[in-house]
Amino acid sequence: MTDTQSMIENRPPSVATLFLERIEATPAGEAYRYPVPPATGEGPDEWKSYSWAEAAERVFAIAAGLMDLGVQPEQRVAIASNTRVDWILSDLGILCAGAATTTVYPSTNAEETAYILADSESQVVIAEDTTQLAKVRERRAELPNLKHVVLIDAEGEGRTDLADPEGWVLSLDELMQRGSAYLEKHPNCVKDSVASLQPDQLATLIYTSGTTGKPKGVRLPHDCWSYMAKAIVQAGLVASEDVQYLWLPLAHVFGKVLTAAQIEAGHVTAVDGRIDKIIENLPVVQPTYMAAVPRIFEKVYNGVATKARAAGGAKYKIFKWAAEVAREYGRVTQENLRRTGTASAPSGLKFKHAIADKLVYTKLRDAFGGRLRAAVSGSAALAPDIGYFFSGAGIHILEGYGLTESSAASFVNPGEAYRTGTVGKPLPGCEVRIADDGEILLRGPGIMQGYHGLPEKTAEVLEPDGWLHTGDIGELSDDGYLRITDRKKDMFKTSGGKYVAPAEVEGQFKAVCPYVSSIMVHGADRNFCTALIALDEVAIMGWAEEHGLDGKSYAEVVGSEQVRELISGYVDRLNEGLQRWQTIKQFRILPRDLDVEHGELTPSLKLKRPVVEREFGHLLEEMYEGSREA
């Protein structure tokens, strides 16, 4: 047995156990950084820190406070909050109390929030602010199991507003005060609770936002997170000297798994879920690694391209040249590393790359803080051309793959040996096989117990021998790299009998068109493919100013003939690289971007195809009116 196998197979029963080990090992080490906005509301945030010992003090107080409220082992405590350090500390407090965390996106409406809380039988909700409290209050009659709401941000609210006769609402500070008092009477209660945790005990209920139907609660026991923490560190993805910038939604499994790996590695994590602060925060935090979804990298690329175009003249020509050099350099060095074991490039390309690096790439790396060793991309496929661009520019994007049902991280690209367009190799301990129809099947310690209260749904995806049907189509290389080709349910067949993987076409369009924000390819049982295209507001409005459309609204700009001609050119370029049956014969530009608020994107920014088809069905029908076989 290798050391890696031994460390994983002999893992502790829970992340709570790992947390106690981390406190013992490095109590004075920096654990979390978090921003504090200026009191005046103007100027930059001040970043403060918790050591592991300071974090533990708060975690233990939360855990003991929950015990004082009567929360029992495996009972659910929900968190409805944006990503912030209090989310992580609350989650650890829940786990240390022996309870299980129900995650709720703060963007979830009152109806679905109530459904999740009722279905999970959550006893307590830790809510970020009165906005989240209002959702729970609105549906309180539907939540007989809910005993308390704990407010993280309770400032500015009178006690008469917060409290009611039963003491239903209390602040996080009050919960911790109760916990401190409880610890005085029962000083070993938290450590005893952690010591009693079993690997198969429920730790987390994550409700899949899903692209169709009601969300299902994925049951993840303590052992899943303990395994993930060990496997991610053993895979070399993170190390003790790293600084992570964490902004991903912690209600999503991708964000959640990063908190487990951090505890095992013992590195620093800077936590701030405000997406509009990412560009401002990166040079301040100077992370060595961060995780994101492809849409973020697409926006960065489009933003850089738009800025260069706005500069015009020689600067735009230099950027276009540098972008092509980056893509070529990324492809060549990765291919040479695969074939020879050395990431080499011909001398002519190296010379061009060195010039482009001074002119363009260094500025791009500085925008990420200047110290970024690697960025992890997950949740959806990254367009290879965008991946190669960043690779050549020295920003290494390691694509990974996993599901909520597999605790997020099943595959990840291995450090310097990463291959753009693949999701890498399986983590230690994860098994994979490809079914006859191309579906990816997974088995290992990270696989869920099942869907909460839904045995029939569980049986549809989880075989008795532990194999999970992912619903994704993919292929394995001879040396174990996985490439995802599409979602099984998203692939469609045209009326001519040809199969089309829409995500593949959509990814290629995002690589050629710097103005696109979202695209959905359609064509099931139709005689040709069409596309609905939403444009990035910042990028297209910048273009509009330079092309006689200054002063027009976004809706007027995207509805103009000039913009239609612009996008038509990019569609033509896309079609040049496609098979005949994949080509986009017609397209429509949407009057607004797709978003989470309208239900067209999941909180992790995946496309909800049925919702988009329903919302913009009239445009789809319009494109097929009177159509003949193409």
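Please read all numbers here as calculations on a predicted model, not as lab measurements.

S.K.: What exactly am I supposed to notice about the overall build of the protein here?
M.R.: The secondary structure content of the protein amounts to 23 helices and 26 strands. For the protein, whose C-alpha radius of gyration is 25 Å, the value lies close to the compact-globule estimate of 25 Å for 630 residues. When its C-alpha atoms are laid out on the principal axes, the protein stretches across 75 × 60 × 55 Å. By the burial criterion, 56% of the 630 residues in the protein qualify as buried. Taking contacts inside the protein between residues at least 6 apart in sequence as the whole, the part at least 24 apart equals 67%. With the model as given, the accessible surface of the protein reaches about 26,500 Å², and the carbon-plus-sulfur share is 50%. Averaging the locations of the 66 positively and 87 negatively charged side chains of the protein gives two centres separated by 5 Å.

S.K.: Where do I start with unusual backbone geometry in this structure?
M.R.: The residue glutamine 286 is not glycine, and still its phi comes out positive at about 50°. Look at glutamine 286 and you get partly exposed, because its relative accessible area is 35%. Located in the positive-phi region is serine 407, a residue other than glycine, with phi close to 60°. By the element assignment, serine 407 lies in the loop between strand S14 (397–401) and strand S15 (411–412). Since its relative accessible area comes to 0%, serine 407 is described here as buried.

S.K.: Looking at this model, I keep getting lost on the sheet that holds strand S17 (residues 431–434). Mind explaining?
M.R.: Think of a sheet as strands paired side by side through backbone hydrogen bonds, with each pair either parallel or antiparallel. Across the sheet, four strands lie side by side as S17-S18-S20-S21; this open sheet has antiparallel pairing. Two strands lie at the open edges of the sheet, namely S17 and strand S21 (482–487), each paired on one side alone. Neighbouring strand axes in the sheet, compared pairwise and without regard to direction, differ in orientation by 50° on average. The pairing of S17 with strand S18 (residues 439–443) spans four bridges and is classified as antiparallel. By the bridge assignment, isoleucine 434 is partnered in S18 with isoleucine 440.

S.K.: Would you take a moment to explain a nonpolar patch on the surface for this structure?
M.R.: A cluster of nonpolar side chains, namely Ile318, Trp321, Phe351, Ile355 and Leu359, defines an oily patch on the protein surface of about 440 Å² accessible area. The set of elements that each furnish at least two residues to the nonpolar patch consists of helix H14 (313–340) and helix H15 (347–367). If you tally residues by element for the nonpolar patch, the top one is H15, at three residues. Note on placement: phenylalanine 351 falls in helix H15.

S.K.: What am I meant to see in the nonpolar core here?
M.R.: One recurring pattern in soluble globular proteins: nonpolar side chains tend to sit buried together. Counting 141 residues, the largest nonpolar core has Phe19, Tyr32, Val190 and Phe390 as the members making the most contacts within it. Take this core: its biggest share by element is 11 residues, from helix H3 (residues 52–68). Val512, Val516, Ala544 and Tyr554 belong to the second largest nonpolar core, which has 32 residues in total.

S.K.: Any chance you could explain the pairing of strand S12 (residues 289–292) here in plain terms?
M.R.: Consecutive side chains along a regular strand alternate between the two faces of the sheet. Neither face of S12 is exposed, since Tyr289 and Ala291 on one face and Met290 and Ala292 on the opposite face are all buried. Taken together, the two bridges between strand S10 (residues 243–246) and S12 define a ladder with parallel strand orientation. The residue bridging glutamine 244 from the neighbouring strand is tyrosine 289, located in S12. Strand direction decides the pairing type here: S12 and strand S13 (residues 374–377), joined by four bridges, are parallel. Bridged to alanine 292 within S13 is serine 377.

S.K.: Even after reading the chapter, I still don't get the pairing of S21, so can you show me in this structure?
M.R.: Summarising the sheet, strand S20 (residues 468–476) and S21 pair through five bridges and their orientation is antiparallel. Its bridge partner being in S21, aspartate 472 is matched across the sheet by arginine 487. Between S20 and the antiparallel strand that follows it, S21, lie five residues; glycine 480 among them carries a positive phi value of about 90°.

S.K.: Would you mind showing me how to read the packing of aromatic side chains here?
M.R.: By the definition in use, this model includes 11 aromatic pairs. Taken together, Phe297, Tyr301, Phe319, Phe368, Phe389 and Phe390 form an aromatic cluster joined through their ring pairs. Positioned over the ring face of tyrosine 451 is lysine 216, at 5.1 Å from the centre of the ring. If you follow arginine 564 out to its NZ or CZ, it ends over the ring of phenylalanine 587, 4.4 Å from the centre.

S.K.: For this particular structure, what's the right way to read the side chain of serine 391?
M.R.: With respect to the helices and strands, the residue serine 391 is situated in helix H16 (residues 384–392). We classify serine 391 as buried; its relative accessible area is 7%. Dropping the residues within four chain positions of it, serine 391 is found in contact with Gly330, Gln334, His396 and Tyr418.

S.K.: What should I look at first to understand the pattern of salt bridges in this one?
M.R.: Side-chain pairs of opposite charge can arise whenever the charged atoms involved come near each other. For the structure on display, the rule yields 31 salt bridges. As a salt-bridge pair, arginine 331 and aspartate 385 come within 2.5 Å of each other at their nearest N and O atoms. Taken as a pair, arginine 331 in helix H14 and aspartate 385 in helix H16 lie far apart in primary sequence, 54 residues in all. The class for arginine 331 is partly exposed, based on a relative accessible area of 35%. Residue aspartate 385 is classed as partly exposed on the basis of its relative accessible area of 24%. Beyond isolated ion pairs, a larger network of salt bridges with shared partners links Asp45, Asp272, Arg274, Lys277 and Glu280.

S.K.: Explain the sheet that holds strand S26 (residues 584–589) to me, please; I cannot follow it from the model alone.
M.R.: Pairing within the open sheet is mixed, and its three strands lie in the order S24-S25-S26. Edge strands, defined here as strands with exactly one partner in the open sheet, are strand S24 (516–522) and S26. Geometrically, the sheet is characterised by an average inter-axis angle of 25° between neighbouring strands, direction not taken into account. Here S24 pairs with strand S25 (residues 529–535) via six bridges, running antiparallel. Considered in S25, the bridge of methionine 520 is made with leucine 532.

S.K.: Just to check I follow, could you spell out helix H11 (residues 253–265) for this structure?
M.R.: Since the α-helix turns once every 3.6 residues, residues separated by three or four places project in the same direction. The end-to-end C-alpha distance of H11 is 19 Å, a good match for the 18 Å that 13 residues give at a rise of 1.5 Å each. Burial runs high along H11: 13 of the 13 residues are buried. Trailing H11 by a residue or two, glycine 266 shows a phi angle of about 80°, which is positive.

S.K.: Can you walk me through the environment of leucine 172 in this structure?
M.R.: Within the secondary structure, leucine 172 is located in helix H8 (residues 172–185). A residue is classified by how much of its surface remains accessible, and leucine 172, at 4% relative accessible area, is buried.

Definitions and cut-offs
Residues numbered from 1 in each chain as written. Predicted model: local features only at pLDDT ≥ 70, side-chain atom pairs only at ≥ 80, totals over all residues. Heavy atoms only, no water. Helix = DSSP H or I, 4+ residues; strand = E, 2+ residues; numbered from the N terminus. Rg over C-alpha atoms; globule rule 2.2 N^0.38 Å. Buried < 20%, exposed > 50% of the residue type's maximum accessible area, 1.4 Å probe, protein only. Contact = heavy atoms within 4.5 Å. Areas by Shrake-Rupley, 256 points an atom, 1.4 Å probe, with all protein chains shown as cover. Lys, Arg positive; Asp, Glu negative; His and termini not counted. Charge placed at Lys NZ, Arg CZ, Asp CG, Glu CD. Pairing = 2+ DSSP bridges. Axes fitted to C-alpha atoms, helices over the stretch in contact; angles between N-to-C directions. Patch = residues over 30% accessible without salt bridge, like charges linked within 9 Å, V, L, I, M, F, W, Y side chains within 5 Å. Salt bridge = Lys/Arg side-chain N within 4 Å of Asp/Glu carboxyl O. Core = buried A, V, L, I, M, F, W, Y, C linked by side-chain atoms within 4.5 Å. Phe/Tyr/Trp six-rings, centres within 6.5 Å; stacked < 30°, edge-to-face > 60°. Lys NZ or Arg CZ within 6 Å of the ring centre and 35° of its normal. Expected span 1.5 Å × (residues − 1).

That is the geometry; function is a separate question.
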